[in-house]
Amino acid sequence: MNRILISKDIYDRKITKDFVKQIAQKILKELQLDNVELSITLTDNETIRQINKQWRKKDKPTDVLSFPIDEKPPGYRYKILGDVVISLPFAKRQAEEIGISYQEEVIRLLTHGILHLLGYDHEGCPAEAKKMFNLQDRIMKKITSSHTQQEAS
């Protein structure tokens, strides 16, 4: 059993806490992770811009940020993976540009963020980037196909 903590700073009827929690559980299952804790913050462009500026020295909004912790405090049931922060307005605009649904883009960003928490990186080495994006695509394909089937039934 995993523990998913969700903070939602902005109102959005399409991306609910329940939706994000279900998707996060599916991603963790695909990665064969159990007894982990994951914090997810859904926010706006201004907040993510401030976080990006503070922690990455980049004064601009972005789609997703990840802050790995990878710690198991003594006596605590869960291994703490870390925090994923997603800008919902950025995700919505990006989904339109890419030509996918808003929900699919949030799934993609959440998958991407969780992979970063696990140490995957796409900025340094092309081989590592390929490995990360292949895994991201595999997970996303599986989750979006099961999500689409659930919506149809």
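Residues numbered from 1 in each chain as written. Predicted model: local features only at pLDDT ≥ 70, side-chain atom pairs only at ≥ 80, totals over all residues. Heavy atoms only, no water.

This paragraph deals with the overall build of the protein. Check the secondary structure of the protein and you find five helices and four strands. Relative to the compact-globule value of 15 Å for 153 residues, the protein shows a C-alpha radius of gyration of 15 Å, a close match. Taken over the C-alpha atoms alone, the protein extends approximately 45 × 45 × 35 Å along its principal axes. With 153 residues in all, the protein has 41% of them scored as buried. Counted over contacts in the protein with a minimum sequence separation of 6, partners at least 24 positions apart contribute 61%. Separation between the mean location of the 25 positive side-chain charges and that of the 22 negative ones in the protein comes to 2 Å. (Helix = DSSP H or I, 4+ residues; strand = E, 2+ residues; numbered from the N terminus. Rg over C-alpha atoms; globule rule 2.2 N^0.38 Å. Buried < 20%, exposed > 50% of the residue type's maximum accessible area, 1.4 Å probe, protein only. Contact = heavy atoms within 4.5 Å. Lys, Arg positive; Asp, Glu negative; His and termini not counted. Charge placed at Lys NZ, Arg CZ, Asp CG, Glu CD.)

The next thing to look at is the environment of Leu115. For Leu115, the position within the fold is in helix α4 (residues 102-117). On the accessibility criterion, Leu115 (0% relative accessible area) is buried. The spatial distance from the C-alpha of Leu115 to the C-alpha of Arg138 is 12 Å, given a sequence separation of 23 residues. The contacts of Leu115, once residues within four sequence positions are left out, are Leu31, Tyr120, Met132, Leu135 and Gln136.

The subject of this paragraph is the sheet that holds strand β1 (residues 3-8). Read across the sheet, four strands follow the order β1-β2-β4-β3 without closing on themselves; strand pairing throughout is mixed. The open sheet has two edge strands, β1 and β3 (64-71), and neither has a second partner. Going from strand to strand, the sheet's axes swing by 10° on average, the running direction of each strand aside. Where β1 and strand β2 (residues 36-43) come together, six bridges link them in parallel fashion. From the neighbouring strand, Ser7 faces β2, where its bridge partner is Thr41. Packing of helix α2 (residues 45-56) onto the sheet brings it into contact with β2, β3 and β4 (79-87), and relative to β3 it is tilted by some 55°. Across the sheet, α4 is in contact with β2, β3 and β4; its angle to β4 comes to roughly 140°. (Pairing = 2+ DSSP bridges. Axes fitted to C-alpha atoms, helices over the stretch in contact; angles between N-to-C directions.)

Below, the discussion takes up the packing of helix α1 (residues 17-30) against α4. Relative orientation and spacing of two packed helices are given, respectively, by the angle between their axes and the distance between those axes. The geometry of α1 relative to α4 is characterised by a closest axis approach of 10 Å and an angle of 50° between their N-to-C directions. Regarding the angle of α1 to α4, the classification is oblique. The two elements α1 and α4 cross, and the hand of that crossing is right-handed. Each of Phe19, Val20, Ile23, Ala24, Ile27 and Leu28 in α1 lies in contact with α4, whose residues at this interface are Gln103, Val106, Ile107, Leu110, Thr111 and Ile114. Looking at side-chain class alone, the contact of α1 with α4 contains 10 nonpolar, two polar and no charged residues. (Parallel < 35°, antiparallel > 145°, perpendicular 65-115°, else oblique. Left-handed = near helix turned anticlockwise from the far one by under 90°. Nonpolar A, V, L, I, M, F, W, Y, C, P; charged D, E, K, R; others polar.)

What follows is about the environment of Glu96. Tracing the backbone through its elements, the reader meets Glu96 in helix α3 (residues 88-98). By relative accessible area, which is 63% here, Glu96 ends up exposed.

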